[in-house]
Amino acid sequence: MAYLIDHPAVQHKLAIIRDAETGHKRFRELATEITMFICYEALKNIRTREVIVQTPIAPAECRKIDTDLVVVPILRAGVGMLEGILDLVPTARVGFVGLYRDEESKQPVAYYERFPPQIRGGTSIIIDPMLATGGSTIAAIDLLKKNGASDIVVVCIVTSPEGIELVESAHPDVRIYAAAIDDHLNENKYIVPGLGDAGDRLFGTSH
Ligand code: PRP
Ligand code: URA
């Protein structure tokens, strides 16, 4: 299931991050800010437990998060979203999946994986700004499931309809949250209009 975060504050920031004139410093800041907003929504149904907190006046019935959260950035561009989600849930653990898209085949190539054991029984949140063909997201979900994860959420900034459809058909149990579902993929499998190459724009590199 895919959820679009259509809030004006998110859409305003999305307009700036898409702009080809936005430099890498501002791009990084916006990736952090947008991620925090999307994750705020993506985490709204996580398990909580009731606690009693003594305020200076009286006991208060409160709720605290009662789930192990594991954030999994897809290297490299996913790292640009890490600060935003850790600002929201500072006690989350972090795993990593290293994947890049082969320039010719456009297929994901895996080169690294490292997960904390809490993916079993907890909630894993894959972060990657771009879900284009969906191949990288599917590969990351496959790796997480192979290592015992069962509750998986994907948080992206920009997605394509083709990619969403592919991920949903491969993994119908996974929830996808994004700020945009764009129009289509071009012949190079880039999202149109998208925001270009997220890794390059985040880290100031270029092809
Ligand atoms: C980008 C992006 C996703 C992937 C999306 O990474 O960050 O991981 O492409 O494409 P897909 O949905 O078609 O698989 P890229 O391969 O450019 O690697 P990078 O993060 O190291 O720049
Ligand atoms: N990777 C990106 O960074 N951007 C796209 O549009 C597609 C894949």
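First, a word on scope: everything that follows refers to the structure included in this document. (Residues numbered from 1 in each chain as written. Chains lettered and ligands numbered in written order. Predicted model: local features only at pLDDT ≥ 70, side-chain atom pairs only at ≥ 80, totals over all residues. Heavy atoms only, no water.)

### Quick notes on the site of ligand 2
Then, number 1: The immediate surroundings of ligand 2 are formed by Arg101, Met130, Ala132, Lys189, Tyr190, Ile191, Gly196, Asp197 and Ala198.
Then, number 2: Isoleucine 191 has a polar backbone atom sitting 2.8 Å from an oxygen atom of ligand 2.
Then, number 3: With respect to ligand 2, the backbone of alanine 198 contributes an N or O atom lying 2.8 Å from an oxygen atom.
Then, number 4: Of the residues belonging to the shell around ligand 2, the class tally is 5 nonpolar, 1 polar and 3 charged. (Near = heavy atom within 4 Å. Polar contact = N/O pair within 3.5 Å; in protein donor to acceptor, adjacent residues only side chain to side chain. Nonpolar A, V, L, I, M, F, W, Y, C, P; charged D, E, K, R; others polar.)

### Some thoughts on the site of ligand 1
Then, number 1: The local shell around ligand 1 holds 14 residues, among which Arg101, Asp128, Ala132, Thr133 and Ser136 are the closest.
Then, number 2: Contact between ligand 1 and threonine 133: an oxygen atom at 2.5 Å from a side-chain N or O atom of the residue.
Then, number 3: Within the side chain of serine 136, a nitrogen or oxygen atom sits 2.5 Å from an oxygen atom of ligand 1.
Then, number 4: Among the elements of the structure, strand S6 (96-101), strand S9 (130-131) and helix H4 (135-146) are those that each provide at least two residues to the shell around ligand 1.
Then, number 5: Residue classes in the shell around ligand 1 are distributed as 6 nonpolar, 5 polar and 3 charged. (Helix = DSSP H or I, 4+ residues; strand = E, 2+ residues; numbered from the N terminus.)

### Description of the packing of aromatic side chains
Then, number 1: Enumeration over the complete set of coordinates arrives at 2 aromatic pairs.
Then, number 2: Ring centres of tyrosine 3 and tyrosine 177 lie 4.7 Å apart, and the angle between their planes is 15 degrees; this geometry places the pair in the stacked category. Here the residue tyrosine 3 occupies a position in strand S1 (residues 2-4), and tyrosine 177 occupies one in strand S12 (residues 175-178), the gap between them amounting to 174 residues.
Then, number 3: Owing to a relative accessible area of 33%, tyrosine 3 belongs among the partly exposed residues under this scheme.
Then, number 4: Judged by its relative accessible area of 7%, tyrosine 177 is buried.
Then, number 5: Here tyrosine 100 and tyrosine 111 contribute two aromatic rings whose centre-to-centre distance is 6.1 Å and whose plane-to-plane angle is 35 degrees, an arrangement assigned as tilted. (Phe/Tyr/Trp six-rings, centres within 6.5 Å; stacked < 30°, edge-to-face > 60°. Buried < 20%, exposed > 50% of the residue type's maximum accessible area, 1.4 Å probe, protein only.)

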